[in-house]
Amino acid sequence: MIALVLLALQQPADQRDHPSYWQQDVAYTITARLDEPSGVLSGAEQIHYRNRSPDTLSSFALHLYLNAFRPGSRWADADSVEGNRRFNDLRDPDYAFNHVRQVRIMGLAVEPIYPFAPDSTVVRFALPRALPPGDSMTVELDWDARPSTVPRRQGREGRRFDFAQWYPKVVVYDRYGWEEHPLYPAGEFYGEFASFIVDLDVLQDQVIGATGVAVCGDPGWERANQNPSRPVEYQRDYYGSRTPSSDGCAGAAPGRKRVRWYAEDVHHFAMSLNPGYRYEGGHFGEVAVHVLYQPGDEAKWGQGVAVDRTQTALAWLDQLYGKFAWPQITNVHRIEGGGTEFPMMIMDGSADQGLIIHELGHNYTMGMLANNEWREGWLDEGFTSFQTTWFWEVMGRPSTYPGTEAQILALDLDRQTEPPSQVSETYKDFTSYQIAIYTRAELFFHQLRYVVGDETMHRILQAFYERWKLKHVDEAAFRAVAEEVSHRDLSGLFAQWLHGTELYDYAVGRVKVIRKGGKSFPPLPPSEWLTRVEVLRKSPGRIPVDVAVIAEDDTAVVRAGGDAEREWVELPTRSRPVEVVLDPEVRTHDWNMVNNRKALRFSLARLFIPIPGTDVYFHRYFSTRSRRDRLTTGLQPTVWYNDAGGITLGYRQRDDYLGRFAQNVGLVTLSTGWGTDNGVTDVNGLFRIRNPLRLQAANLSETFEWFYLEGRYGLTASVEKTSQEHLTFGPIWTRSLTLQWVHPDDFRYLDRGYYDDVGTVELQASTGVSLRTGRSSLSLRFSTGGGLAYNRAGLAASGRSDLDPFYYRGTFEAIGRRPLGGRWSGGARLFAGVATGNNDAAKQRQIYFQGADPLTQLSNPFLRSRGALLVGEDFHYQAPGGAGVRGIDSRVSTGAIVALNLELTRALLTRANAKLFNRASLAAFGDLAQAIGGSAQPLTGDRIRFVADAGVGLRIEHRIGDTRFVTRLDLPVYVSRPELGQDRSAGDDPFEFRWVFSFQPEF
Ligand SMILES: [Zn+2]
């Protein structure tokens, strides 16, 4: 007991403030020699370790991180699961390793134990004797380390070496015990704060950047300096009397040199070597800036560009958190793209300002405020992503918050997000890990800033840094500071944003407007009007929500607490209130903002546009406008033609919210009869409700439709469920159920080649799966169901009451595509379809040889009716589907078909950014179909058994607005039964010039 009291007294003052906190004392002395031809760095390492924990230690552990980048490691296996075999297939001498030899602890030889074997990124040793609290020991070992030729943070390429990991590194011992944790693709590092003496023996011409200062020897900067007028700042005396002696730099072999580096209070030591490095220096305050870039980078990194940006980042971070705790920052252009942070060093793939702000920000959140990166990656990645966004806002750039928020919302709605506070390798995949710890965690910091305000947020960051710099931090440490500075209980916010993925939805409930002078109690303040607003919380998420009352001449805003399901707030205004708006700045992550407004005055316009705030616009056909904070309604006139109604005029209205909800369509048309003989004059319409907000459910889509369209009426109801375990790989499943009733009513519009005079009611269940790897894809779709045909005389397809009106209808389709090397690619489609009962199904439900059945084309005004623009006498259009024998007449159908479509394409040009003609390719194709059973065809008088075609085609892909489409021209020069050909008048030679056109791909 007394011993414990004495121990407590020995602790420095700041640790007495946080009695449960302690960190171990570690000092490394490393001598290492690089053999460039083999890429191997060989070292001798001495670790002085003092146990400042309250526990007696019986073991000791080291990270050997380079062993992740070799076959059989947990990293390599995790990659392979996601189809990324970058390290599992590497061979000697390309893979990385870190071997330890002759390990002596307390002067005695010890045997290595690899607790995660076959992974060897952690090695453990039993201590020769227990190490009680306060006691210290020395660990000595020799090792060999080689980076991999496939870079991932570390790497080597010729004479370039990015030694991000290289030395055996002490595993943190904290209140959870030894933090032994293998290295995975998801998750980064965790280290003990330590001092490092590193003696590096390398070839004379190497240029070196490293953590720490070069206390003696030549890092090569002078010779590489691109700005000789500015002398190099070595800071050799930065550490004053604690600086190790300069004797470590003498005695190098001819052609080689020795450089001694020293650093204090860092939990990692990184370095990068390249004899070609160009050097430029600068500083911010007392912090030296060293930039090392590649030959050829002169314009993008040189002439002070990278130095300026690094200084800018230091200045921003200095005012944001406080004074940088280390002597220098080295910014190097590494082998790999992207960027990774290390104490006093950032390895960047470019000199982009945002990247530098992000990575240098990590010197604060990760470097000096050292979180356990695999346990709480959000505390460094989310944090530095947040401060980068704040930087750009301060610099006057448009905020990236709206984009980040919308991205996370879409994933939340699909239940694709996981909470940020999760051990890194337990995320379902690498993408999910990244979305959680970078993007969703960034949003957490934005929400905190929204809740406490900018000024308080700034004070939180400063207090957090002041209290915890050069220590290990975690959520509790950050939350305690945030609560203390803001004087708020933030437990709910932290719980929801770090440990859950709740949806948020606030809505305006009842509103009461009281005019001064009316009966009000308590008496009104000196303003004319008081608006009482009921704020409803309709989803589990809770966050304070701003309530605004917009009045004729002024606006009032209060913030509601957001916890209660119903909460009343009062807002005084000087003028008459016009509208109530919740969350006008879009900061609450509210998934449904359509219910966030209420109009307080009558207006005629609201009879037509009932939801306040609706953005009404002219729809330009190819792009539907979508907004985060309100419903959109696009209006468009339409016009088309068919032989019955003649010129048909219409008015269409399309709604949208978030690009996924309320995708309703209203259409009213008038057939004028103009331009045709015996024209029909008719008023038609279609009303579709798709994905109503009230039916929101993850990955579920619902459609309800009523139509009276050009001689047929009916209803459709459909639900579809999509499921996808992983966002970037693996299968996507869809399941759907559709009920459709179609009643042909006016045969002046209908081609009897497609329709029998019967109505059909049909239910279909379908399931499909698609899988994509690289540019190869495979999809399967199966549907099964049946229906009932009836006519006015009764339930009969033929009008004969003795026939069975019930029919079965099912289809199976498999489509595969893959690149064949160079500009070639191939595709195949296998199709089988059945639509039959005792007789063939009604004509409109049969399986078509050429393409889609008529009901599939119901929503297309250019296809559905007799003489429409794409089905005119001389126009050969193919709507893909059915057996896909594109060269034959589109009216030919039967009860059951099996078909195969083959296509070989060769790309002619690809222009990724072009709108029209962004890709063109030539194709050769062949289609084969075999009918099974069926009755005699009116066209030929016999049953069709086998039909095939072959030819060549041209496909050109385009993009207008948000719409992508293809113009496809196929020339089926061979048709096995020419009398069935598209252009029957062409003769009866199987080889003829024929053509067919489409706006859709062949399959
Ligand atoms: Zn980062």
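The structure this text deals with has already been given above.
Draft legend 1. Structural detail: the overall build of the protein chain. When helices and strands are counted, the protein chain shows twelve helices and 50 strands. In terms of overall dimensions, the protein chain has C-alpha extents of about 105 × 85 × 60 Å along its principal axes. By the burial criterion, 56% of the 1003 residues in the protein chain qualify as buried.

Draft legend 2. Just the packing of aromatic side chains, in detail. Enumeration according to the criterion identifies 59 aromatic pairs in this entry. On the numbers, 5.5 Å between centres and 50° between planes, the contact of F386 with W390 is tilted. Taken together, the residues F386 and W390, both in helix 7 (residues 381–394) and four residues apart, mark about one turn of the helix. On the accessibility criterion, F386 (0% relative accessible area) is buried. Measuring from ring centre to ring centre gives 5.8 Å for F386 and F445, while their planes differ by 25°; the resulting arrangement is stacked. Highlighted residues: F386 in helix 7 and F445 in helix 9 (residues 430–452), separated in sequence by 59 residues. Of the two residues examined, F386 and F445, each falls in the buried class. A cation over a ring is seen here: R236 above Y234, with NZ or CZ 4.4 Å from the ring centre.

Draft legend 3. Looking closely at the state of the cysteines. Taken as a whole, this structure holds one disulfide when the rule is applied. Two residues, C216 and C249, share a disulfide whose sulfurs are 1.8 Å apart. Every disulfide takes its handedness from the sign of the S-S torsion; for C216 and C249 that torsion is 80°, giving right-handed. Pair noted here: C216 is in strand 15 (residues 213–216) and C249 is in the loop between helix 4 (221–224) and strand 16 (256–266), with a separation of 33 residues, a long-range link. Judged by relative accessible area, C249 falls into the buried class, the value being 17%.

Draft legend 4. Quick peek at the side chain of E903. Within the element layout of this structure, E903 appears in strand 46 (residues 896–910). Reaching out from E903, the side chain makes a polar contact with the side chain of R886 at a distance of 3.0 Å. Ignoring any residue separated from it by four or fewer positions in sequence, one finds E903 in contact with S825, G826, G827, R886, A923, A924, F925, R955, E1002 and F1003.

Draft legend 5. Fine view of the sheet that holds strand 14 (residues 208–210). With antiparallel pairing, four strands are arranged side by side in an open sheet as 8-9-17-14. Unpaired on one side and paired on the other, strand 8 (155–157) and strand 14 mark the two borders of the sheet. Each neighbouring strand pair of the sheet contributes to a mean axis angle of 5°, computed without reference to strand direction. Strand direction decides the pairing type here: strand 9 (residues 160–163) and strand 17 (residues 271–273), joined by three bridges, are antiparallel. Bridged to F161 within strand 17 is L273.

Draft legend 6. Up close: the coordination of the zinc ion. Distances from the zinc ion to its protein donors, namely H358 (NE2), H362 (NE2), E381 (OE) and E381 (OE), fall within the range 1.9 to 2.8 Å. One can describe the donor arrangement at the zinc ion as irregular, given that its four donor atoms subtend angles of 51 to 155° at the metal. Going along the chain, you hit the donors of the zinc ion in the pattern H-x3-H-x18-E. Here the residue H362 occupies a position in helix 6 (residues 353–364), and E381 occupies one in helix 7, the gap between them amounting to 19 residues. Each of the two residues, H362 as well as E381, counts as buried.

Draft legend 7. Structural context of the pattern of salt bridges. The tally for this structure, following the rule as stated, stands at 64 salt bridges. For E36, the salt bridge goes to R159, with nearest N and O atoms at 2.5 Å. Highlighted residues: E36 in the loop between strand 1 (25–35) and strand 2 (40–50) and R159 in the loop between strand 8 and strand 9, separated in sequence by 123 residues. The salt bridge partner of R955 is D970, with a shortest N-O separation of 2.8 Å. One end of the pair, R955, is in strand 48 (residues 946–960); the other, D970, is in strand 49 (residues 963–975), with 15 residues separating them in the sequence. D970 matches R955 in its accessibility class, with the two residues each being buried. Connected through salt bridges with shared partners, the residues R817, R886, E903, D927, R955, R968, D970 and E1002 form a single ionic network.

Draft legend 8. Representation of unusual backbone geometry. Here D92 and P93 are connected by a cis peptide whose omega angle stands at 5°. Mapped onto the secondary structure, P93 falls in the loop between helix 3 (74–81) and strand 4 (97–105). In this structure, the amide linkage connecting A117 to the following residue, P118, adopts the cis form with an omega of 10°. One non-glycine residue, L470, adopts positive backbone phi at about 65°. Tracing the chain through its elements places L470 in the loop between helix 10 (454–468) and strand 24 (471–473).

Draft legend 9. Seen up close, the nonpolar core. Residues Y49, F60, W143, W166, W261 and F478 are the most contacted members of the largest nonpolar core, which totals 163 residues. In terms of residue count, helix 9 provides more of this core than any other element does, nine residues in total. If you look at the next biggest cluster of nonpolar residues, it comprises 18 residues, including Y807, V892, A899 and V975.

Draft legend 10. Quick look at the environment of G191. Summarising the element assignment, G191 is placed in the loop between strand 12 (177–178) and strand 13 (194–203). Separated by 669 residues in the primary sequence, G191 and N860 place their C-alpha atoms 63 Å from one another. In this view, G191 contacts K169, V172, H267 and H472; residues no more than four positions away in its chain are not counted.

Draft legend 11. Region of the structure containing the side chain of T211. With respect to the helices and strands, T211 occurs in the loop between strand 14 and strand 15. Judged by relative accessible area, which is 0%, T211 ranks as buried. Within the structure, T211 has its side chain in polar contact with the backbone oxygen of P343 (distance 2.9 Å). In this structure T211 touches W261, A263, V266, H268, F269, A270, Q328, P343, M344 and M345, once residues within four positions along its chain are discounted.

Draft legend 12. Inspection of the packing of helix 9 against helix 10 at higher detail. The geometry of helix 9 relative to helix 10 is characterised by a closest axis approach of 6 Å and an angle of 120° between their N-to-C directions. Comparing the axis directions of helix 9 and helix 10 gives the class oblique. For the pair helix 9 and helix 10, the sense of crossing is right-handed. Facing F445, L448, R449 and V452 of helix 9, the residues of helix 10 in contact are D454, T456, M457 and I460. Here the residues of the contact of helix 9 with helix 10 are counted per class, giving five nonpolar, one polar and two charged.

What counts and how
Residues numbered from 1 in each chain as written. Predicted model: local features only at pLDDT ≥ 70, side-chain atom pairs only at ≥ 80, totals over all residues. Heavy atoms only, no water. Helix = DSSP H or I, 4+ residues; strand = E, 2+ residues; numbered from the N terminus. Buried < 20%, exposed > 50% of the residue type's maximum accessible area, 1.4 Å probe, protein only. Phe/Tyr/Trp six-rings, centres within 6.5 Å; stacked < 30°, edge-to-face > 60°. Lys NZ or Arg CZ within 6 Å of the ring centre and 35° of its normal. Disulfide = S-S within 2.5 Å. Polar contact = N/O pair within 3.5 Å; in protein donor to acceptor, adjacent residues only side chain to side chain. Contact = heavy atoms within 4.5 Å. Pairing = 2+ DSSP bridges. Axes fitted to C-alpha atoms, helices over the stretch in contact; angles between N-to-C directions. Donors = N, O, S within 2.8 Å, 3.2 Å for Na, K, Ca; no water. Tetrahedral: all angles 85-135°; square planar, octahedral: opposite > 155°, others 65-115°. Salt bridge = Lys/Arg side-chain N within 4 Å of Asp/Glu carboxyl O. Core = buried A, V, L, I, M, F, W, Y, C linked by side-chain atoms within 4.5 Å. Parallel < 35°, antiparallel > 145°, perpendicular 65-115°, else oblique. Left-handed = near helix turned anticlockwise from the far one by under 90°. Nonpolar A, V, L, I, M, F, W, Y, C, P; charged D, E, K, R; others polar.

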